[in-house]
Amino acid sequence: MKDRIGLNHHAKDFSVSIINGDRFNLSSEIGKVVLIDFWDVRCAPCIKALPELESLYKQYNREDFEIIGISLDTDKELLMKFLDKNSL
């Protein structure tokens, strides 16, 4: 079962565009524990989880821990308004 779900295996590399137009490659985070959070501005449970994610980041980021947030928003204007009001 561990092999089937990939436990103790490296994640497959992927690349996505980020808001400023640059690219993010998971392979740039080799050696770190990376939590990937898929979220949406209109997802109440996603927004409710943000303070906990921030707390985890503050607690563990010195130990090679990163959180990568991938927004599933299709309305970029709504996303940008949310990001302007909230520091992530």
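What comes next is a walk through the structure. (Residues numbered from 1 in each chain as written. Predicted model: local features only at pLDDT ≥ 70, side-chain atom pairs only at ≥ 80, totals over all residues. Heavy atoms only, no water.)

## Some points on the pattern of salt bridges
Per the counting criterion, the structure on display carries five salt bridges. We note a salt bridge from Lys-32 to Glu-29, for which the minimum N-O separation is 3.1 Å. Classification of Lys-32 as partly exposed rests on a relative accessible area of 33%. The closest approach of N and O atoms between Lys-58 and Glu-54, which form a salt bridge, is 3.4 Å. Of this pair, Lys-58 and Glu-54 both sit in helix α2 (residues 44-60), separated by four residues, roughly a single helical turn. Residue class for Lys-58 comes out exposed when judged on its relative accessible area of 53%. Looking at Glu-54, the relative accessible area reads 38%, which means it is partly exposed. Connected through shared salt-bridge partners, Glu-29, Lys-32 and Glu-66 make up one network. (Salt bridge = Lys/Arg side-chain N within 4 Å of Asp/Glu carboxyl O. Buried < 20%, exposed > 50% of the residue type's maximum accessible area, 1.4 Å probe, protein only. Helix = DSSP H or I, 4+ residues; strand = E, 2+ residues; numbered from the N terminus.)

## As for the pairing of strand β4 (residues 65-71)
Two strands pair when backbone bridges link them, and strand β3 (residues 33-39) and β4 are joined in this way by seven bridges, in the parallel orientation. Opposite Phe-38, over in β4, you have Ile-70 as the bridge partner. Regarding the hand of the β-α-β motif, the stretch spanning β3, α2 and β4 is right-handed. (Pairing = 2+ DSSP bridges. Right-handed = clockwise from strand over helix to strand, strands pointing away.)

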